[in-house]
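# Coordinate inspection notes
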Amino acid sequence: MEADVRPAPLPLSFTDGVFPAGCPSRTLLDHVTSKWGVLILIALSEGAQRWSELRRRTEGISEKMLAQTLKTLERDGLVSREAQPVIPPRVDYSLTGKGYELSALLVPLVAWAFDNAEEIINGKA
């Protein structure tokens, strides 16, 4: 038996419930909800990580996509990149304040997907 689920109201700032084509929020949502964006943000929600850790944790990502996604999230102000002055070079990636705020919203979504994916994918939903 399904729980009594009601639609979530949209914020009042949404004009008539329309998502305008040129709205910056759509661009940001594209970045955040991309295939790799969500996984990187969730991985970084557990603390700063090096490139190799992120690559391992986001299994299947190419070096090019990891670099591109990290640059995009950094440009958006969600990820911070800190190069350490050591040899060999070391770079640590972490979430900014906004990144942590966002990851706190994404963790329940990812947990829900994990809990329900098999049932939905197998057509038993």
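Residues numbered from 1 in each chain as written. Predicted model: local features only at pLDDT ≥ 70, side-chain atom pairs only at ≥ 80, totals over all residues. Heavy atoms only, no water.

### Observations concerning the nonpolar core
Ranked by internal contacts, the top residues of the largest apolar core, which has 20 residues, are Ile40, Leu41, Leu44, Leu54, Leu70, Val79 and Tyr93. Among the secondary structure elements, those contributing two or more residues to this core are α2 (35-44), α4 (63-75), β3 (90-95) and α5 (97-121). If you tally residues by element for this core, the top one is α2, at seven residues. Other than its neighbours up to four places away in sequence, Ile40 contacts Thr58, Ile61, Leu66, Thr69, Leu70 and Leu73. (Core = buried A, V, L, I, M, F, W, Y, C linked by side-chain atoms within 4.5 Å. Buried < 20%, exposed > 50% of the residue type's maximum accessible area, 1.4 Å probe, protein only. Helix = DSSP H or I, 4+ residues; strand = E, 2+ residues; numbered from the N terminus. Contact = heavy atoms within 4.5 Å.)

### A few points about the sheet that holds strand β1 (residues 49-50)
An order of β1-β3-β2 is seen for the three strands of this open sheet, with the pairing classed as antiparallel. Two strands bound the open sheet, and with one partner strand each, they are β1 and β2 (79-84). Here β1 pairs with β3 via two bridges, running antiparallel. Residue Arg50 lies in a different strand from β3, and its bridge partner there is Asp92. (Pairing = 2+ DSSP bridges.)

### A look at the side chain of Gln49
Among the secondary structure elements, Gln49 is positioned in strand β1. Looking at Gln49, the relative accessible area reads 4%, which means it is buried. Only 2.5 Å separates the side chain of Gln49 from the backbone oxygen of Ala43, close enough to count as a polar contact. Not counting chain neighbours up to four residues away, the residues in contact with Gln49 comprise Ala43, Leu44, Leu54, Arg57, Val91, Asp92 and Tyr93. (Polar contact = N/O pair within 3.5 Å; in protein donor to acceptor, adjacent residues only side chain to side chain.)

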